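Analysis of the macromolecular model
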Amino acid sequence: MGEVAANGFSINGNGHVYNDAYVNRNGTANGHAVHHANGNCNGITTAVATNGLPGIRNRAFGDGRRRCFWYEEEVEENLRWCFALNSILHTGVSNYQDIALLDTEPFGKALVIDGKLQSAEVDEFIYHELLVHPSLVCHPNLKSVFIMGGGEGSTAREVLRHKNVKKVVMCDIDKEVVDFCRKYLVVNREAFCSSRLELVINDARAELESRDERFDVIVGDLADPVEGGPCYQLYTKSFYELVLKPKLSHRGVFVTQAGPAGVLTHTEVFSSIYNTLRQVFKYVVPYTAHIPSFADTWGWVMASDHPLTIDAEEIDGRIEQRIKGELRYLDGETFMAASTLNKSVRTSLLKETHVYTEETARFVYGHGKACHKS
C-alpha cells in the first residue's frame, strides 16, 4: 500500500481514470486518451507522471486549456458515471480486492474497491446514518451490535455514537482493507480506537457460527452481491434463517444495505433481498434514499420478529436520549419519508417472488475478484 507510482496505477473492476483531456474555456473537449488496465473496460489506469499530487486538474497550458483527470464507473453496460479527479491519493491490493482512495472534485475523498465506489467524503453520512440508526433506535434496550463487513469504519463510528451500546463486534474478511482505512480515513480513527469495539478479521458467517452470544442488532454493511465476489452468499435465505437469525437476542433487529433501489434499478437485488427477508422474519421494512455520489437511490432493509413500528416523535426522542452529537441527515420525519416508497417500487416489491439462494443469486452489474495486472 502507498502513494501512487509515477507511471501507473490500475484497478480492475468497473472504474476507469481518463487522462490527457485538453478542455477549452468553454468546456469543449479537443480529444482525450483513454487507458485501460487490461485492454478492456474493466480497469483504472493513469500513465501520466503525477505522483498522485493534487492540483493537476488545474494545470495550465498557456492557451486557455487545462489537463483533466476523470474517474468513470460503469453503472450498467450502456451507462457510465464519471466525475473529475484532483488526484489519486493511495492504492493497494489485498487477497480479495483492489483498493483506491481518490480525491475527487465533486465528492471529496472517495473509497473505491474493485472499481466500484463505496463511499465519498461529502455524502457518506447519508448512507451510514440510514444504515445504522433506524435499527438501533428501534431496539428498546440496546446493548450489543454485530457488524458484518464495515471495514471502512464508518458503520462502527455511527454505532458507537449510541451511549447505551456496551459492545460492538466488527467482522470484516479483508485485513488489508481494514488496515488501509484505519491508516487513511482519519474521520474514523477514533472509532477504531474505542475500547467498546472488538475488531475481528474473519468471514462473517464463520464468526457468527463460532459465537455463543447473541446480539441486539446485526448490521449488514457488506459489499454489493456481485458475481464472483466474496460475500453474495451472505444475502441468501439459508444464511439469514440458519446462521444470522439464531444470533439475534430477544427483540433483535437485523438491517442490511440492499443495493440500488431506484425506479430502474431496484429489481437488480433490492426487491429480492426484501422478499428473501420476508420468508425469514415476521416484520420487514424497506427504505430508500438518494446518495449523490452513487448516482442513484439506495436501499436498506430492516427485519425483526417483533414490530418495527415507532413513530417520528418517538424516533426523535430516542435519538436525543441515546445518541452523542447531532445527526446530519436522519430524524423521525426523514425516516418516515424514507420508508414511504414510490408507487412503482412499492408495487414491484409486493409482486416480487424471487428468493435469494446461492443457486439462484441475483447480482448487481460489476465484477468481484480482481484480475490483477502483472
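If you look the protein up in an unreviewed UniProt entry, it shows as thermospermine synthase from Pinus sylvestris. Turning to the protein, the UniProt annotation filed under Sequence similarities (unreviewed entry) states: "Belongs to the spermidine/spermine synthase family."

1. Focus: the pairing of strand 13 (residues 215-221)
When you tally the buried positions in strand 13, you get seven out of seven residues, the bulk of the element. Summarising the sheet, strand 10 (residues 144-149) and strand 13 pair through five bridges and their orientation is parallel. In the strand pairing of strand 13, valine 145 is matched with valine 217. For the handedness criterion, the β-α-β arrangement of strand 13, helix 6 (residues 237-244) and strand 14 (residues 248-260) is classed as right-handed.

2. Considerations on the side chain of glutamate 158
When you line up the elements, glutamate 158 lands in helix 2 (residues 154-159). Judged by relative accessible area, glutamate 158 falls into the buried class, the value being 3%. Not counting residues within four places of it along the chain, the set of residues in contact with glutamate 158 comprises His128, Glu129, Val132, His133 and Leu327.

3. Points about a negative patch on the surface
Among the surface-exposed residues, Asp311, Glu313, Asp316, Glu320, Asp331 and Glu333 lie close enough to one another that they form a single negatively charged patch. Residue placement: aspartate 311 occurs in the loop between strand 16 (296-304) and helix 8 (312-322). With a relative accessible area of 44%, aspartate 311 lands in the partly exposed category.

4. Here we look at the confidence of the model for the protein
Predicted confidence across the protein gives a mean pLDDT of 83, with 79% of residues reaching 70 or more. The model gives residues 1-13 a pLDDT under 50, and that stretch makes 64 contacts with residues more than four places away or in other chains. Note on residues 368-374: pLDDT is under 50 here. Beyond four places in sequence and across chains, it has 21 contacts.

5. Considering the packing of helix 7 (residues 270-278) against helix 10 (residues 343-351)
Running from amino to carboxyl end, helix 7 crosses helix 10 at an angle of 45°, the nearest separation of the two axes being 9 Å. It follows that helix 7 is oblique to helix 10 by the angle criterion. You can see that helix 7 and helix 10 cross each other, and the crossing is right-handed. Contacts from Phe270, Ser271, Tyr274 and Arg278 in helix 7 reach Val345, Leu349 and Leu350 in helix 10.

6. Describing the pairing of strand 8 (residues 108-113)
The buried count for strand 8 comes to five of six residues, which makes it a mostly enclosed element. The pairing of strand 7 (residues 98-104) with strand 8 spans six bridges and is classified as antiparallel. Bridge pairing in strand 8 places alanine 100 opposite valine 112. Here strand 8 runs beside strand 9 (residues 116-120); their pairing, made up of four bridges, is antiparallel. Paired with valine 112 across the two strands is leucine 117, which belongs to strand 9.

7. Observations concerning the nonpolar core
Ranked by internal contacts, the top residues of the largest apolar core, which has 55 residues, are Leu136, Val145, Ile147, Val159, Tyr287, Trp300 and Met302. Of the residues forming this core, the biggest block, nine residues, is contributed by helix 1 (residues 124-138). Inspection of this core shows a minimum of three residues originating in each of domain 1 (20-120) and domain 2 (124-351). Setting aside residues no more than four positions away along its own chain, valine 159 makes contact with Val132, Leu136, Val145, Ile147, Val165 and Val168. Judged by nonpolar contacts, the second largest core, of 39 residues, contains Cys231, Phe254, Ile273 and Phe281.

8. Overview of unusual backbone geometry
What is expected of a backbone is that most residues other than glycine have negative phi and most peptide bonds are trans. Phi is positive for aspartate 114, close to 50°, though the residue is something other than glycine. According to the relative accessible area criterion, aspartate 114 is buried, its value standing at 6%. Look at arginine 251: it is not a glycine, yet its phi comes out positive at around 65°. Looking at the secondary structure, you find arginine 251 in strand 14. Classification of arginine 251 as partly exposed rests on a relative accessible area of 34%.

The rules behind these values
- Residues numbered from 1 in each chain as written.
- Predicted model: local features only at pLDDT ≥ 70, side-chain atom pairs only at ≥ 80, totals over all residues.
- Heavy atoms only, no water.
- UniProt positions renumbered as here; feature names shortened; annotations may be inferred.
- Buried < 20%, exposed > 50% of the residue type's maximum accessible area, 1.4 Å probe, protein only.
- Helix = DSSP H or I, 4+ residues; strand = E, 2+ residues; numbered from the N terminus.
- Pairing = 2+ DSSP bridges.
- Right-handed = clockwise from strand over helix to strand, strands pointing away.
- Contact = heavy atoms within 4.5 Å.
- Patch = residues over 30% accessible without salt bridge, like charges linked within 9 Å, V, L, I, M, F, W, Y side chains within 5 Å.
- Areas by Shrake-Rupley, 256 points an atom, 1.4 Å probe, with all protein chains shown as cover.
- Salt bridge = Lys/Arg side-chain N within 4 Å of Asp/Glu carboxyl O.
- Lys, Arg positive; Asp, Glu negative; His and termini not counted.
- Charge placed at Lys NZ, Arg CZ, Asp CG, Glu CD.
- pLDDT = per-residue confidence, 0-100.
- Axes fitted to C-alpha atoms, helices over the stretch in contact; angles between N-to-C directions.
- Parallel < 35°, antiparallel > 145°, perpendicular 65-115°, else oblique.
- Left-handed = near helix turned anticlockwise from the far one by under 90°.
- Core = buried A, V, L, I, M, F, W, Y, C linked by side-chain atoms within 4.5 Å.
- Domains from an automatic or database assignment.

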